[in-house]
Amino acid sequence: MEQTLADRVRELQSVDADAFAQRAAQDAEVVKSLLREGAFDNHRAVVGMEYEFYAAADGRWAENDATDGTLMRVPRRLFDLLDFEKELGLHNAEMTTSPQPFNSYGMAAQSAEIRSHLQNARDCTKAEGMRLVSDGIWTIPPAGETAREYLTDSVVDDGVRVAVNMSDAVRYHAMSNSGALAGPMTVDAPNVDIEADTVMPESLITSIQPHYQMSRAADLPRHHTYALRIAGPLLALGVNAPFFPPDLYADGVDAETILDEAHAEHRIAVFESVLNTDDAEKVAFPPDLDTVEEAVDRIAGDDVVVPIPTDDDGDRFDDQFPTFRAKHGTYWRWVRPVFGGSTRSAANARIEFRPLPGQPTVADTVAFLAAFAGLMQQLPRHAHPVDELDWATAESNFYDAMREGLDADLHWITADGARTTDTDELYDDLLANASAGLQSAGCSEAAAEEYLAPLRYRVENRVTPASWKLDRARDRTEDGEPFADAVQDTKREYVHQQRETLLQGSFADWA
């Protein structure tokens, strides 16, 4: 008899969490032994990308704007055609690019692969009347539903709570039924009022996650230090989530207050407040690392949320440490070390950079991959002094960027050792080093500058996708539109602009 979803959740709940943690600790010793053998070392740097989307109605079959841009559930049969993966919500889909050597051809391959997959996705979803949207937070719920209904709808099946609109991946439902995440899930954001019995509010958000694999695993702590220092400045450039679906705001709060108090990047608060508890801080800006072994121990020692049973008989390279690999899946940090690989030759240690929301176009997305990889290449190699910026300041930069975007007062140390809070000086230095890193990897100066041009545009014009949305929503309310209409019409404008520019334009074309 086929197991139900509730049966599979109960099966996970029966796994002994303490025994799981012990196996993870044992696996960590295996990983550290492999590190000492050089198993995770490679002769080159490698880049890759995870790219999340949500599905929205494209409006072609609508007689009016009633369904244009509304959230849609992705038919399960489409995933094989799209070559995308399921994510938390039924409306989510994720693309993972093939890892490529960090050189001029590898960067070109990343860009081409993303565009190729998205063109295929457009072809496949067109017949369904939907499109995949690259964004930070969706704000228009499915036709005929409120966002609150969509996010909170759940049933109890023989003692197991199942979210109606969540993917059937058992680990997501197990998280909602985990003792570590017990209690209602709320979102801690200005003027927002949403409470759910499952982790479904996390499905509001979508992101891009660049990966950089260093050639020597022992260098991971140094790269991790620099990744934390650039997290705030890159987030400030990328902010794209100032609004929630309008029905999630608290009753009685006026439009001006919401607009004035909105954070530039609410995705950060959603992820942290839904998955963190008083007893377990799972999503956080992590401390610096002293050694690569410390990174392994942090993952192994992290609070257990879902003790996923593992198969010890697999023939992948990383099946030598299956429980550690499973535990890594719930090690949520804004900068995350990763150890894995299907074969010995593919084994790697890498940095996953998680602060960034989905972006308006592919060119903007690739710009962040290029900037992150270029900085990871350049800053450690040339001992850039920004690593002397103390950790508390780097953390403050991150959360200030979350709130204010490019208006944040960010602290930086330039290549000549000068401390500055001047926005132009900061980004002149940061982007110059990103360009130098790209060039050292084999890109021409012209190619490096072309990759980074979307980010330079944002600095020079003091504009981000978040400020673009806020300005347009404010203009609409000042023209007399109700707040809910202003937010949703701004989202429709965003989707329409993206329709024309996603593959071949950039956010700079939206001015």
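Each value, and the rule that gives it
- Residues numbered from 1 in each chain as written.
- Predicted model: local features only at pLDDT ≥ 70, side-chain atom pairs only at ≥ 80, totals over all residues.
- Heavy atoms only, no water.
- Helix = DSSP H or I, 4+ residues; strand = E, 2+ residues; numbered from the N terminus.
- Rg over C-alpha atoms; globule rule 2.2 N^0.38 Å.
- Buried < 20%, exposed > 50% of the residue type's maximum accessible area, 1.4 Å probe, protein only.
- Contact = heavy atoms within 4.5 Å.
- Areas by Shrake-Rupley, 256 points an atom, 1.4 Å probe, with all protein chains shown as cover.
- Core = buried A, V, L, I, M, F, W, Y, C linked by side-chain atoms within 4.5 Å.
- Axes fitted to C-alpha atoms, helices over the stretch in contact; angles between N-to-C directions.
- Parallel < 35°, antiparallel > 145°, perpendicular 65-115°, else oblique.
- Left-handed = near helix turned anticlockwise from the far one by under 90°.
- Nonpolar A, V, L, I, M, F, W, Y, C, P; charged D, E, K, R; others polar.
- Patch = residues over 30% accessible without salt bridge, like charges linked within 9 Å, V, L, I, M, F, W, Y side chains within 5 Å.
- Salt bridge = Lys/Arg side-chain N within 4 Å of Asp/Glu carboxyl O.
- Lys, Arg positive; Asp, Glu negative; His and termini not counted.
- Charge placed at Lys NZ, Arg CZ, Asp CG, Glu CD.

> Help me understand the overall build of the protein chain in this model?
A tally of regular secondary structure across the protein chain gives 17 helices and 14 strands. For 511 residues, the compact-globule estimate of 2.2 N^0.38 gives 24 Å, and the protein chain sits close to it at 22 Å. Summarising its shape, the C-alpha atoms of the protein chain cover approximately 65 × 60 × 45 Å along the three principal directions. Counting only residues that meet the buried cut, the protein chain has 59% of its 511 residues in that class. Long-range contacts, defined as pairs at least 24 residues apart, comprise 77% of the intrachain contacts of the protein chain with a sequence gap of at least 6. Total accessible area computed for the protein chain in this model is approximately 19500 Å², and 43% of it derives from carbon and sulfur atoms.

> Please clarify how the nonpolar core should be interpreted in this entry.
Here is a general trend for soluble globular proteins: nonpolar side chains tend to be buried in one another's company. Counting 156 residues, the largest nonpolar core has Phe40, Phe84, Met107, Ile230, Phe244 and Phe339 as the members making the most contacts within it. Among residues more than four places away in sequence, those in contact with Phe244 are Ile137, Thr139, Val187, Ala189, Val192, Leu204, Tyr249, His266, Val270 and Val487. Grouped together as the second largest cluster of nonpolar side chains are five residues, Leu5, Ala6, Val9 and Val162 included.

> Looking at this structure, how should I read the packing of helix H7 (residues 220–238) against helix H13 (residues 391–404)?
Helix-helix packing is described using two parameters, namely the angle between the two axes and the distance between the axes. The geometry of H7 relative to H13 is characterised by a closest axis approach of 8 Å and an angle of 15° between their N-to-C directions. Put simply, H7 runs roughly parallel to H13. Here the hand of the crossing between H7 and H13 comes out left-handed. Residues Leu228, Arg229, Ala231, Gly232, Leu235 and Ala236 of H7 pack against Trp391, Ala394, Asn397, Phe398, Ala401 and Met402 of H13. Looking at the contact of H7 with H13 residue by residue, the classes come out as nine nonpolar, two polar and one charged.

> Quick question: what am I supposed to make of unusual backbone geometry here?
Keep in mind that most residues, glycine aside, have a negative phi and that most peptide bonds are trans. Although it is not a glycine, Asn191 sits at a positive phi angle of roughly 70°. Structurally, Asn191 is set in the loop between strand S8 (185–186) and strand S9 (195–196). Within the chain, Arg462 stands out as a residue other than glycine whose phi angle is a positive 50°. Turning to its location among the elements, Arg462 is positioned in the loop between helix H15 (445–461) and helix H16 (465–478).

> What is the right way to look at a negative patch on the surface in this model?
Taken together, the side chains of Asp254, Glu256, Glu261, Asp471, Asp475, Glu478 and Asp479 make up a negatively charged region of the molecular surface. Only helix H8 (255–261) and H16 provide two or more residues apiece to the negative patch. Per element, the largest residue contribution to the negative patch is three residues, and it comes from H16. Relative to the helices and strands, Asp479 resides in the loop between H16 and helix H17 (483–501).

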